[in-house]
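# Structural description and commentary
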Amino acid sequence: MSLTKWLSLGLGVLLLGLSACQPLALTPTPDVKTPLPNGLATPTSAATPLAPTALRAAAAAQADLAARLGPSTEAVSILHIESAQWPDTCLGLPAPDEACAEMIVEGFRVVLEAEGQTVTYRTNLEGDNVRAEDLRVPPSPANVPAVEAARRYLAEHLGLSDPLAITVVGAEEVTWPDACLGAARPDEMCAQVLTPGYRITLEVQGTRYTLHTNQNGSAIRLVESLPHGSAQPLVRWQRQSESACLSAEVNLQGLTYGACGAAAQRWAFKSPEQAAELSQFVQTYAPFEAETALGWVSLAGKGSQKATPAEQRSLAAWVAAQVAAAQNVEFEGGLGLVLSWQRSGGIAGLCQILRVYESGWAEVYDCRNSQSAPTLITRQRLTAKELETLYGWVDGLQPLSQAFEQPYADGFAFQLAFNGRGALVADATTQKALWDWAQAVFQRLMSP
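What counts, and where the lines are drawn
- Residues numbered from 1 in each chain as written.
- Predicted model: local features only at pLDDT ≥ 70, side-chain atom pairs only at ≥ 80, totals over all residues.
- Heavy atoms only, no water.
- Disulfide = S-S within 2.5 Å.
- Helix = DSSP H or I, 4+ residues; strand = E, 2+ residues; numbered from the N terminus.
- Axes fitted to C-alpha atoms, helices over the stretch in contact; angles between N-to-C directions.
- Left-handed = near helix turned anticlockwise from the far one by under 90°.
- Contact = heavy atoms within 4.5 Å.
- Nonpolar A, V, L, I, M, F, W, Y, C, P; charged D, E, K, R; others polar.
- Buried < 20%, exposed > 50% of the residue type's maximum accessible area, 1.4 Å probe, protein only.
- Phe/Tyr/Trp six-rings, centres within 6.5 Å; stacked < 30°, edge-to-face > 60°.
- Lys NZ or Arg CZ within 6 Å of the ring centre and 35° of its normal.

Moving on to the state of the cysteines. The full count for this structure, using the stated rule, is 4 disulfides. Sulfur-sulfur distance for the disulfide between Cys351 and Cys367 comes to 1.8 Å. For the disulfide bridge between Cys351 and Cys367, the dihedral angle about the S-S bond is near -95°, and by the sign convention the bridge is left-handed. Residue Cys351 is found in strand β17 (residues 350–357), and its partner Cys367 is found in the loop between β18 (361–366) and β19 (375–381); the two are separated by 16 residues along the sequence. Along the protein, the cysteines engaged in disulfide bonds are linked according to the scheme 1-2, 3-4, 5-6, 7-8 when indexed in sequence order.

Printed below as a string of structure tokens:
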């Protein structure tokens, strides 16, 4: 079937362009970019890319350890990860009086390092069950009663009606040297008795507060408040347009974002996949900072691979998508979707969808069940060469939507929607190149 016989479809049916996102009406402010921090040590596993399931599990363990160690943790490094089988649903590490179903659970053993401490985690495949083997690691803030007591204390101190408006940054188990929790006031007499408790860090409207508590939270002392930003982010991003300047800082827990130079808002990641994606950027690439078509971006990378300009742009696109998600900006089909390709039919009645995002991620879905949402088959990164080709089309071409059917029994029907932001109309040769590129990416992602 020749290109001239392809049937054009409305782009809006398959894809809502990124251009639907209107910039905030913010007043531009002076450039506030922060230089890239010194490079961090490369972990021993950085040279070997991790599978998506392993990355998801590792990112969940990283996020748990970072939350346990508190605000002094600038980075949690992956030293080693390997497949493992656990004897029960407690991953062989039951809590006291915990009932565990005896069954083989597939998962991973993840070795992490933070603040000079090496901690081994056990996870399941999905990464929603993570347990630390090292008992020196304190419990997660969500399980510490003193944390909720500290939130109530700070809310009353600041005159806030809702303690849940206060973000828990971290909780570190500490033994204080006296009954004043190591925070004696001038001329205060403190009994010299060791007092178990916590150093808890909370955040409200861009300011972080450190509180000392005893073990159950019945004794609390506020010791300091610092503007947010003392902890080193993994990614910094800034984008200036005619009407707005937005900036963001990202770590494994989420991001802070807002107008350049203004108070920032905190937004926590909603799924382990977001932390896993960030982890892959950090573990793959060496540190860099770059001006891209989607803004200035810097990465505190721990990998050895030098990012190409296209790969640097993909990180900027990824951050922009997270900021849009934090602002509740929705796009049909997903944030930053630039290409959708689908084939259906054939003798086996297949239905498969390829979705490609400007952030450099590509997904393949099974769409045979029309009564439910498509099922994700695989999600992988585009190669540097694939990204370079894609960005050339995104910047140069107008949006395009086409479809055609193979002219014989049990043939396939194909659809393609492309969201370009350029001015050129794709000629027949370029259209064919787009189709060939999409099919090649699909075949690579589906290869064993």
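The geometry of helix α6 (residues 384–396) relative to helix α7 (residues 428–446) is characterised by a closest axis approach of 12 Å and an angle of 145° between their N-to-C directions. In the packing of α6 onto α7, the handedness of the crossing is left-handed. Here Glu386, Thr389, Leu390 and Trp393 of α6 lie close against α7, whose contacting residues are Thr430, Ala433, Leu434, Trp437, Val441 and Arg444. Looking at the contact of α6 with α7, its residues break down into 6 nonpolar, 2 polar and 2 charged.

Once that is clear, we can look at unusual backbone geometry. At Leu91, a residue that is not glycine, the phi angle is positive and equals roughly 60°. Summarising the element assignment, Leu91 is placed in the loop between β2 (77–88) and β3 (102–114). Relative accessible area serves as the criterion here: at 0%, Leu91 is assigned to the buried category. Residues other than glycine seldom take positive phi values, yet Leu181 does so here, at roughly 60°. Along the chain, the position of Leu181 falls in the loop between β6 (167–176) and β7 (195–204). Note on Leu181: relative accessible area 2%, which makes it buried.

Turning our attention to the packing of aromatic side chains. What the rule picks out here adds up to 8 aromatic pairs. Here Trp341 and Phe414 contribute two aromatic rings whose centre-to-centre distance is 6.1 Å and whose plane-to-plane angle is 50°, an arrangement assigned as tilted. With Trp341 in strand β16 (residues 337–345) and Phe414 in strand β21 (residues 412–418), this pair connects stretches of sequence that are 73 residues apart. In this structure Trp341 comes out as buried when scored by relative accessible area, which is 1%. Each ring, one from Phe404 and one from Phe414, has its centre 5.1 Å from the other, and the planes form 20°; the classification is stacked. With Phe404 in strand β20 (residues 400–405) and Phe414 in strand β21, the pair connects residues that are 10 residues apart, well separated along the chain. For the pair formed by Phe404 and Phe414, the shared burial category is buried. Site record: aromatic cluster; members linked through ring pairs are Trp341, Phe404, Phe412, Phe414, Trp435 and Phe442. Over the ring of Trp361 we find Arg381, and its NZ or CZ is 5.3 Å from the ring centre.

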